[in-house]
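# Residue-level structural notes
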Amino acid sequence: QPQLLEDLKILKSLKLKEGKEGKVDDGNDKSSALQLWDMGYYMRKYKATLGVDEAELREYFPLDHVKKEILSIYQELLGLRFERVIVKNNNSKDNDDDETFEVWHEDVECYAVHDLKKWEEEEKKEGESASSLLGYFFLDIFPR
C-alpha cells in the first residue's frame with residue numbers, strides 16, 4: 001500500500017502542474033482528489049515522463065492477437081465458449097435478427113457466452129436449442 005500512496009501522490013502532482021483544481025497539502029482537499037476519470041489520463045502522462053512509448057509497446061502486443069489469447073485463457077479457466085455476435089451501430093438499418101445487437105461505437109464487439117460442456121454436447125447433436133447460452137457481453141476496449 002505505501003507504493004499505491006506514492007503513485008497517487010505523483011499523479012496528483014501532475015494534475016496540479018497542469019493547473020487543474022485545488023492544491024495538495026495533506027491529501028484531504030477534495031478539489032485535488034483524483035477522480036476515476038482522471039486516472040487513465042494522468043497515468044499516460046506519468047508514463048511519458050518515464051520515457052515509456054505506448055505506441056512502441058503496441059508493436060509487440062498486436063491487439064487482435066492479445067484479445068484472442070485473453071479470451072482463450074478465460075474460456076479455459078472458466079469452462080466457457082465465446083462466440084462473436086454480429087453487431088450494428090446506431091446508424092445501421094440492416095439485420096434486424098434476434099441475434100443482432102446495436103452498439104454505441106463501431107469498435108465495440110458483442111460475444112455470446114456459452115457453457116462449454118453444454119455447447120460441445122449441442123455441437124454433437126447439431127441443430128438443438130441454444131441451452132448452453134449463458135448470456136452476452138460487450139467488449140469496448142477503447143476509452144471514449
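It should be noted that the structure appears before, not after, this text.
One structure accompanies this document, and this report is about it. Keep in mind it's a predicted model, so treat the numbers as computed, not measured.

Let us look at the pattern of salt bridges. Under the counting rule described, the total for this entry stands at seven salt bridges. As a salt-bridge pair, Asp38 and Lys15 come within 3.0 Å of each other at their nearest N and O atoms. Of this pair, Asp38 sits in helix H2 (residues 36–49) while Lys15 sits in helix H1 (residues 2–17); the two residues are 23 residues apart in sequence, bridging distant segments of the chain. Lys15 carries the same exposure label as Asp38, and that label is buried.

Core analysis: the largest hydrophobic core is formed by six residues, namely Leu71, Leu80, Phe82, Tyr111, Val113 and Leu139. Listed by contribution, the elements that provide at least two residues to this core are strand S1 (80–85) and strand S4 (109–115). Not counting chain neighbours up to four residues away, the residues in contact with Leu71 comprise Phe82, Tyr111 and Phe137.

Reading the values: the criteria
Residues numbered from 1 in each chain as written. Predicted model: local features only at pLDDT ≥ 70, side-chain atom pairs only at ≥ 80, totals over all residues. Heavy atoms only, no water. Salt bridge = Lys/Arg side-chain N within 4 Å of Asp/Glu carboxyl O. Helix = DSSP H or I, 4+ residues; strand = E, 2+ residues; numbered from the N terminus. Buried < 20%, exposed > 50% of the residue type's maximum accessible area, 1.4 Å probe, protein only. Core = buried A, V, L, I, M, F, W, Y, C linked by side-chain atoms within 4.5 Å. Contact = heavy atoms within 4.5 Å.

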